[in-house]
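# Chain and residue survey
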Amino acid sequence: MSQSNPLILGIETSCDETGIGIVRGRSAPGERNILLSNTIASSMDEHARYGGVVPEVAARAHLEALQPAIERAVAEAGVTLQDVDAVAVTSGPGLAGALMVGIGAAKALAVSLGTPLYAVNHLVGHIAADILDPDAPPLEYPTVALLVSGGHTSLLLVRDLTGDVELLGETMDDAAGEAFDKVARILGLPYPGGPEIDRAAAEGDPTAIRFPRGLSRASDMAKHRYDFSFSGLKTAVARWIEQREAAGEVVPVADVAASFREAVVDVLVTKALDACAQHGVPRLLLGGGVIANKRLRDVAIARAEAAGVTVRIPPLSLCTDNGAMIAALAAELIAEGRTPSTLEFGADSTLPVTQIQVAGAMSAASDERVA
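Bear in mind that the values here come from a model prediction, so they are computed numbers and not experimental data.

### Brief notes about the overall build of the chain
Scanning the chain from terminus to terminus reveals eleven helices and eleven strands. For 371 residues, the compact-globule estimate of 2.2 N^0.38 gives 21 Å, and the chain sits close to it at 21 Å. Its C-alpha atoms put the chain at 70 × 45 × 35 Å along the principal axes. Expressed as a percentage of the 371 residues in the chain, the buried residues total 54%. Residue pairs at least 24 apart in sequence account for 73% of intrachain contacts in the chain once pairs closer than 6 positions are excluded. Counting 29 positive and 46 negative side-chain charges, the chain places the averaged centre of each group 5 Å from the other.

Right, here's the structure in full:
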């Protein structure tokens with residue numbers, strides 16, 4: 001396979017969205033990868049009746065959605081499967097059963113088409129989504145990345161997209177997206193909670209209630225400076241509501257939603273900008289589905305500007321889980337001459353972010369290249 005202009009099909013099935021992306025890799029250094037298709041089939045409606053993602057339901061939904069999604073993606077890209085030069089797939093982190101479906105499909109495609117296979121990290125894929133923005137300048141290194149989604153809240157230091165990503169901190173309990181879902185349920189709002197909290201908060205006062213900011217006290221700084229905790233915040237919201245209801249008072253849903261959202265946003269932005277300051281990095285990349293929250297984007301941009309930090313946000317269509325970001329990360333690995341993955345990898349629900357590629361990848365301690 002040539003390192004110039006490869007056509008990569010990416011498969012992402014880490015949670016409840018079946019993502020198929022097709023990307024044309026860059027032909028030379030300095031040129032851009034080209035997004036040809038970003039097809040997503042979501043099973044969110046099936047999970048709504050349970051108030052959250054059910055792993056077994058997600059896996060079955062991926063099985064049903066994969067083939068039609070692949071067919072739509074190649075049609076949208078104007079290519080055939082025989083044109084594909086490489087297949088990429090999320091190996092982890094994520095729901096084990098859901099990951100297995102995508103991995104099985106990717107291995108079958110790679111073997112049947114006779115193409116190389118690249119197993120990559122889901123979280124690093126969210127960073128790679130940024131390089132698919134045709135209007136954005138090239139990604140500069142190092143950069144701090146804040147990834148916020150339903151299953152992950154992570155703060156990363158990215159020195160090199162394909163070779164050096166350091167985990168600065170992560171959630172110690174509920175991810176931010178999970179906290180939105182749980183607080184929405186407490187307030188009697190539908191799933192998914194993020195958009196519902198946003199709608200309710202639009203009519204509320206974000207300063208009405210001072211909810212706690214988890215792991216933000218001076219005593220937390222030594223051990224958990226860049227870590228996140230939203231479980232206590234969720235409990236504080238529940239207790240506040242219980243006290244009002246016990247007193248026979250009407251719960252001001254809009255004020256609770258706005259104050260809760262403000263607490264989450266404050267913690268996320270404060271810790272991200274602190275990481276930028278402490279590491280001397282004037283760049284912050286935001287990624288993950290929760291970045292669709294307008295209040296988070298607005299606060300991050302305003303506070304970053306005041307701190308002299310440039311904020312990058314991929315197109316919102318590429319912030320949620322998608323196959324295009326997986327294909328884009330593989331395109332960069334191919335451009336760097338990295339060897340493909342073998343077929344000896346499986347689903348790794350706790351894959352560390354430092355492992356950018358799985359099975360045959362170049363680690364930080366090696367310097368393996370395609371001959």
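### Considerations on the pairing of strand 9 (residues 283–287)
With five of five residues buried, strand 9 lies mostly within the body of the structure. Both faces of strand 9 are covered, namely the face carrying Arg-283, Leu-285 and Gly-287 and the face carrying Leu-284 and Leu-286. Where strand 6 (residues 143–148) meets strand 9, four bridges bridge the pair, whose relative direction is parallel. Bridged to Ala-145 within strand 9 is Leu-285. The sheet contact formed by strand 9 and strand 10 (residues 310–312) spans three bridges and is parallel. By the bridge assignment, Leu-285 is partnered in strand 10 with Arg-312.

### Observations regarding the nonpolar core
Among the nonpolar cores identified, the biggest contains 50 residues, and Leu-146, Leu-155, Phe-211, Phe-230, Val-256, Phe-260 and Leu-284 are the most heavily contacted of them. Put simply, the parts of the chain that give this core at least two residues each are strand 6, strand 7 (153–160), helix 5 (176–186), helix 6 (193–201), helix 8 (231–246), helix 9 (253–279), strand 9 and helix 10 (294–306). It is helix 9 that contributes the most residues to this core, 14 residues altogether. Phe-230 has contacts with Thr-153, Asp-173, Asp-174, Ala-175, Ala-176, Ala-179, Val-264, Val-267 and Leu-268, leaving out every residue within four places of it along the chain. One finds Ile-131, Leu-156, Leu-161 and Leu-329 within the second-largest nonpolar core, a separate group that totals 34 residues.

### Brief notes about helix 8
In this model helix 8 runs 22 Å from its N-terminal to its C-terminal C-alpha over 16 residues, within 8% of the 22 Å that 1.5 Å per residue would give. Turning to helix 8, its buried residues are Leu-233, Lys-234, Val-237, Ala-238, Trp-240 and Ile-241. Buried residues of helix 8, viewed axially, fall in a sector of 160°; they line one side. For helix 8, the secondary structure elements touched by its buried residues are helix 5 and helix 9.

### Topic: the packing of helix 5 against helix 9
Closest axis-to-axis distance for the helix 5/helix 9 pair is 11 Å, and the angle between their directions is 170°. The orientation of helix 5 with respect to helix 9, classified from their angle, is roughly antiparallel. The residues of helix 9 that touch helix 5, namely those facing Ala-176, Ala-179, Phe-180 and Val-183, are Phe-260, Arg-261 and Val-264.

### A word on the pattern of salt bridges
Counted according to the given criterion, the structure contains 18 salt bridges. In this structure, the salt-bridge partner of Arg-213 is Asp-266, at a minimum N-O distance of 3.0 Å. Here Arg-213 is found in the loop between helix 6 and helix 7 (221–224), whereas its partner Asp-266 is found in helix 9, with 53 residues between them in sequence. The buried category is assigned to Arg-213, whose relative accessible area is 16%. With its nearest N and O atoms 2.6 Å apart, the salt bridge here joins Asp-298 to Lys-294.

### Here we look at the sheet that holds strand 1 (residues 7–12)
Pairing in this open sheet of six strands is mixed, and the strands run 3-2-1-4-5-11 from one edge to the other. Only two strands of the sheet have a single partner each, and these edge strands are strand 3 (34–42) and strand 11 (357–358). Relative to strand 3, strand 2 (residues 17–24) is paired through eight bridges, and the arrangement is antiparallel. Counterpart to Gly-19 in the pairing with strand 3 is Ile-40. On the sheet, helix 3 (residues 96–113) packs against strand 1, strand 4 (86–92) and strand 5 (117–121) and is oriented at approximately 160° with respect to strand 4.

### Looking at the state of the cysteines
One pass over the full model with this rule turns up zero disulfides. For the unlinked cysteine Cys-319, the closest cysteine sulfur is that of Cys-15, found at 16 Å. The class for Cys-319 is buried, based on a relative accessible area of 2%.

Reading guide: rules and limits
- Residues numbered from 1 in each chain as written.
- Predicted model: local features only at pLDDT ≥ 70, side-chain atom pairs only at ≥ 80, totals over all residues.
- Heavy atoms only, no water.
- Helix = DSSP H or I, 4+ residues; strand = E, 2+ residues; numbered from the N terminus.
- Rg over C-alpha atoms; globule rule 2.2 N^0.38 Å.
- Buried < 20%, exposed > 50% of the residue type's maximum accessible area, 1.4 Å probe, protein only.
- Contact = heavy atoms within 4.5 Å.
- Lys, Arg positive; Asp, Glu negative; His and termini not counted.
- Charge placed at Lys NZ, Arg CZ, Asp CG, Glu CD.
- Pairing = 2+ DSSP bridges.
- Core = buried A, V, L, I, M, F, W, Y, C linked by side-chain atoms within 4.5 Å.
- Expected span 1.5 Å × (residues − 1).
- Arc of directions from axis to C-beta.
- Axes fitted to C-alpha atoms, helices over the stretch in contact; angles between N-to-C directions.
- Parallel < 35°, antiparallel > 145°, perpendicular 65-115°, else oblique.
- Salt bridge = Lys/Arg side-chain N within 4 Å of Asp/Glu carboxyl O.
- Disulfide = S-S within 2.5 Å.

Shape is all these values report; function is a separate question.
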